[in-house]
Amino acid sequence: MTHPATKKYNCIIVEDEPIASDILESFVNKDEDLHLIGKCADAVYAGTLLGRHSIDLMFLDLHLPVVKGFDLLKKLKDPPLVIVTTAYHQYAVEGYELDIVDYLMKPIPYDRFVKAVEKFKYLISAEEALLEAADRDHIFISSGKKQIKIILNDIFYIESLREYIHIHTKAGTITVKMPLSRIEESLDPKTFIRIHKSYIISKSKVEVKTSAMMQVNGKKLPVGRTYKPFIDFK
């Protein structure tokens, strides 16, 4: 996603208030690690930018015309990391289900912006160093200063909860801070499949399956509507 030579993270601003958009742009321009690909005032244009460019970070206003911010996020199959900008506290709970990095309440103070971006950098740098596939039978996960070896065949399923993932294995559960989409990129799609925004399962570990759920290691996991077309239920 990111180019190591420049160490720049591509970002976009999705904000329909011109003043708020300009303030965010000025903040972004102060950070030499961020590269602003574009600003957009609606979800349709945002979708176009996301389709044309590899975006690492999206600053997303929730109150957009026509298609709202969270509705845009739910439609994206592999969204970038997101920092929400809003004047409304009540959306925080819903956002936790969508891997939101942080919330910036308007009007946004610069020091609060810096903290949110530092959080993003921590997450993405951890993710970049996090997954090193030594060969196809195991991966190494970085947790703090430790490297944890995980045998791929031992994984039952991987669960996302807020900014963490729980890797459920025969040896127990391993918890690390990263979005589900990042570990998905390192897994062989012939062996693992994402069935929900919060779940990736090992195909060989499925005990029961219907169009609405899959049971793995005794746990019934829901099948998300957007993932159904990619799943073989036979």
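First, a word on scope: everything that follows refers to the structure included in this document. As a convention, each chain's residues are numbered from 1 in the sequence order in which they are written. Local features are withheld for residues below a pLDDT of 70 in this predicted model, meaning they are given only at 70 or higher, and side-chain atom pairs are given and counted only at 80 or more; totals for whole chains, interfaces and linings count all residues. The side-chain quantities take in all heavy atoms of the structure and omit both hydrogens and water.

1. Some thoughts on the sheet that holds strand β16 (residues 219-222)
Phase 1 of the analysis: Reading across from one edge, β14-β15-β16 is the order of the 3 strands in this open sheet, with antiparallel pairing throughout. Unpaired on one side and paired on the other, β14 (206-209) and β16 mark the two borders of the sheet. The average angle at which neighbouring strand axes cross in this sheet is 30°, direction not considered.
Phase 2 of the analysis: DSSP calls a pair of strands paired once it identifies at least 2 bridges connecting them. Numbering goes from the N terminus for both helices and strands, where a helix is a DSSP run of H or I of at least four residues and a strand is a run of E of at least two. For strand β15 (residues 213-216) and β16, the ladder comprises 4 bridges, and the chain directions are antiparallel. Bridging across to β16, M213 finds its partner in P222. To obtain each axis, a line is fitted to C-alpha atoms, and for helices this fit is confined to the stretch in contact; angles are then taken between N-to-C directions over 0 to 180 degrees.

2. Concerning the nonpolar core
Within soluble globular proteins, side chains that are nonpolar generally end up buried alongside one another.
Phase 1 of the analysis: Note on terminology: a nonpolar core comprises buried Ala, Val, Leu, Ile, Met, Phe, Trp, Tyr and Cys residues joined through side-chain atoms within 4.5 Å. Type-normalised accessible area, obtained with a 1.4 Å probe on protein chains alone, sets the label of each residue: buried when under 20%, exposed when over 50%, and partly exposed for intermediate values. Ranked by internal contacts, the top residues of the largest apolar core, which has 21 residues, are V28, L34, F59, I83, F113 and F120.
Phase 2 of the analysis: Those elements that place two or more of their residues in this core are β1 (9-14), α1 (18-30), β2 (34-40), β3 (57-61), β4 (81-86), β5 (100-105) and α5 (110-130).
Phase 3 of the analysis: The criterion used for residue contact is that any of the two residues' heavy atoms lie within 4.5 Å. Those residues in contact with F59 that lie beyond four places of it in its chain are C11, I12, I13, V14, L24, V28, I83, F113 and V117.
Phase 4 of the analysis: Listed in part, the 20 residues of the second largest apolar core include I12, V14, I55 and V82.

3. A word on the pairing of strand β11 (residues 172-177)
Phase 1 of the analysis: Alignment of strand β10 (residues 164-169) against β11, held across 6 bridges, turns out to be antiparallel. Residue pairing for β11: T169 is matched across the bridge by G172.

4. Some thoughts on the pattern of salt bridges
Phase 1 of the analysis: Each salt bridge in this description consists of a side-chain nitrogen of Lys or Arg and a carboxyl oxygen of Asp or Glu lying within 4 Å of one another. Taken as a whole, this structure holds 11 salt bridges when the rule is applied.
Phase 2 of the analysis: Across the pair K121 and D31 runs a salt bridge, and its minimum N-O distance is 2.9 Å. A residue pair is termed long-range when its members are at least 10 positions apart, and K121 in helix α5 and D31 in the loop between α1 and β2 qualify at 90 residues. A single burial state applies to K121 and to D31, both of which are buried.
Phase 3 of the analysis: Among the ionic pairs, K106 bridges to D61, the shortest N-O distance being 3.2 Å. Taken together, the residues K106 in the loop between β5 and α5 and D61 in strand β3 connect sequence positions 45 residues apart.
Phase 4 of the analysis: If you follow the salt bridges from partner to partner, you end up with E15, E17, D61 and K106 in one network.

5. A short note on the packing of aromatic side chains
Phase 1 of the analysis: Note on ring pairs: Phe, Tyr and Trp rings are taken, using the six-membered ring of Trp, and paired if centres are within 6.5 Å. Classes follow the plane angle, with under 30 degrees stacked, over 60 edge-to-face and the rest tilted. Applying the stated rule across the entire model yields 6 aromatic pairs.
Phase 2 of the analysis: Geometrically, the ring pair formed by F59 and F113 is stacked, given 5.5 Å between the ring centres and 20° between the ring planes. Within this pair, whereas F59 is found in strand β3, its partner F113 is found in helix α5, the two being separated by 54 residues in sequence. Taken individually, F59 and F113 each receive the classification buried, so the pair is uniform in this respect.

6. Thoughts on the sheet that holds β4
Phase 1 of the analysis: Judged by pairing direction, the sheet is parallel, and its 5 strands sit side by side in the order β2-β1-β3-β4-β5 without closing on themselves. Since the sheet does not close on itself, it has two edges, and those belong to β2 and β5, each with one partner. Mean inter-strand twist for the sheet, computed between neighbouring axes without regard to direction, equals 20°.
Phase 2 of the analysis: Two elements, β1 and β3, share 4 bridges in a ladder whose sense is parallel. Bridged to C11 within β3 is L57.

Interpretation in functional terms is not warranted from these geometric data alone.
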